[in-house]
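# Structural characterization, general
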Amino acid sequence: MENRYLRNIPALSEQECLLLQNKRVAVVGCGGIGGYLIELLSRLGVGYMKAIDPDVFDESNLNRQLLLEQSLIGYPKAKAAQERVQRINSHIKVEPIIAALDANNASTLIADCDLALDGLDSIPARRILAAACTETHIPYVYGAISGWVAQAAVSMPGDNFLDALYPPDVTIRDKSVLSFTPAFCASMQVALGVKLLTGRPIKSGVLYYCDLLNQEFETIPLTV
Amino acid sequence: MIEVRLFATLRQGREKIIMLESETVSTVGDILRKLDIPTEEVSILLVNGFHKKTETPVQDGDIVALFPPVGGG
């Protein structure tokens, strides 16, 4: 075992660490949540990541996006993801995709991955990702944030989890996000993702809701 | 009585827990109207811990939990 992974053990077995080095994960969205997803996956040593994001950084991202430094305003987020991982762990391959996931490209983009992690910032985009995961039979770890609240869940192909969670005409009013909310959300998602990737037992269709303002944590079974 | 628990931003301008006379509401949708909460501002509706819809009937002793949509990233 390489020294860089020593402190992963025994929380993960040596075999699980090696397994992660051979896994491929699509990180869809490289902003608030996505930046932390990429950081956490790279520290764990997940061998391949596809970092998908069409956007460049702007100043309003500075309050929460880990991959952003002031000098990177205007720089593509997916490219920043690749470069940060190379500085952390050059054994990991990151493929930056500077494009939005849409109904035409989504399945092709994620088809060669073992898992998709959600760093998206809109419900329509999440529906596209979930549909592609169903089509390609890839599990999906959902995550979303607003203000002080983070929520995460595992969705298995075809479980229609997002339809249960979001009624068709739902409207999001609070567009604020604080620095710690995406970090917390990504931590939940990556913990769930590691369990999926290493074959540990996991519940799907259950929403983990965390209100960091009131320290309230709820486990919500969503009828699908 | 029906106990209504509000989460996150749904508490703004309202109490965290609201007790309603069961005679005054017959569905979850009635509760939303009574509390002046637009349907599109609710993502998860739980009745006694199970995810339900606005047309789900409610009765004395029920606990209803309402969560706003969370969708940023």
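Everything discussed here concerns the structure shown above.
Our subject in this report is the structure included herewith. Bear in mind that the values here come from a model prediction, so they are computed numbers and not experimental data.

Reading the values: rules and limits
- Residues numbered from 1 in each chain as written.
- Chains lettered and ligands numbered in written order.
- Predicted model: local features only at pLDDT ≥ 70, side-chain atom pairs only at ≥ 80, totals over all residues.
- Heavy atoms only, no water.
- Helix = DSSP H or I, 4+ residues; strand = E, 2+ residues; numbered from the N terminus.
- Rg over C-alpha atoms; globule rule 2.2 N^0.38 Å.
- Buried < 20%, exposed > 50% of the residue type's maximum accessible area, 1.4 Å probe, protein only.
- Contact = heavy atoms within 4.5 Å.
- Areas by Shrake-Rupley, 256 points an atom, 1.4 Å probe, with all protein chains shown as cover.
- Lys, Arg positive; Asp, Glu negative; His and termini not counted.
- Charge placed at Lys NZ, Arg CZ, Asp CG, Glu CD.
- Pairing = 2+ DSSP bridges.
- Buried area = accessible area lost by both parts, 1.4 Å probe.
- Salt bridge = Lys/Arg side-chain N within 4 Å of Asp/Glu carboxyl O.
- Polar contact = N/O pair within 3.5 Å; in protein donor to acceptor, adjacent residues only side chain to side chain.
- Nonpolar A, V, L, I, M, F, W, Y, C, P; charged D, E, K, R; others polar.

### A look at the overall build of chain B
When its secondary structure is counted, chain B shows 1 helix and 5 strands. Its helices and strands taken in sequence order, chain B reads β-β-α-β-β-β from the N to the C terminus. Rg of the C-alpha trace for chain B: 11 Å, near the compact-globule value of 11 Å for 73 residues, within the 12% margin. A buried classification covers 56% of the 73 residues belonging to chain B. Within chain B, contacts between residues separated by at least 24 positions form 52% of all contacts whose residues are at least 6 apart in sequence. For chain B, the accessible area works out to roughly 3,500 Å², and carbon and sulfur atoms hold 49% of it. Within chain B, the 11 negative side-chain charges are centred at a point lying 6 Å from the centre of the 8 positive side-chain charges.

### Here we look at the overall build of chain A
When its secondary structure is counted, chain A shows 7 helices and 8 strands. Its C-alpha atoms give chain A a radius of gyration of 16 Å, near enough to 17 Å, the size a compact globule of 224 residues would have. Taken along its principal axes, the extent of the C-alpha atoms in chain A is 50 × 40 × 40 Å. Expressed as a percentage of the 224 residues in chain A, the buried residues total 54%. In chain A, of all internal contacts separated by at least 6 residues, the share reaching a separation of at least 24 is 65%. For chain A, the computed accessible surface area is about 9,900 Å², with 53% contributed by carbon and sulfur atoms. Between the mean site of the 19 positive side-chain charges and the mean site of the 24 negative ones, chain A shows a separation of 5 Å.

### Observations concerning the sheet that holds strand E4 (residues 50-51) of chain B
Residue and element names in this part refer to chain B. Spatial ordering of the open sheet is given by E2-E1-E5-E3-E4, a layout of 5 strands whose pairing is mixed. One side of each edge strand has no neighbouring strand; the edge strands of this open sheet are strand E2 (17-20) and E4. Note: strand E3 (residues 44-47) against strand E5 (residues 63-67), 4 bridges, orientation antiparallel. In the strand pairing of E5, Val-47 is matched with Val-64.

### Details of the interface of chain A and chain B
Counting residues at the interface gives 34 residues for chain A and 19 residues for chain B. It is Tyr-209, Glu-216 and Ile-220 of chain A that lose the most area in chain A upon contact with chain B, and together they represent 20% of the buried surface on that side. Joining chain A to chain B, the criterion identifies 3 salt bridges. Glu-41 of chain B is the salt-bridge partner of Arg-173 of chain A, the closest N and O atoms lying 3.1 Å from each other. For the pair chain A and chain B, the interface holds 13 residue pairs in polar contact (both at pLDDT 80 or more). Elements supplying a minimum of two residues to the side of chain A that touches chain B: helix H2 (32-44), strand E5 (140-146), strand E6 (149-155), helix H6 (161-165), strand E7 (206-211) and strand E8 (216-221) of chain A. Counted by class, the side of chain A that touches chain B contains 17 nonpolar, 9 polar and 8 charged residues.

### Thoughts on the pairing of E2 of chain B
Residue and element names in this part refer to chain B. Side chains of E2 alternate between two faces, with Ile-18 and Leu-20 buried and Ile-17 and Met-19 left unburied. Pairing analysis gives 4 bridges linking strand E1 (residues 2-6) to E2, with the strands arranged antiparallel. Counted as the bridge partner of Val-4 is Ile-18 from E2.

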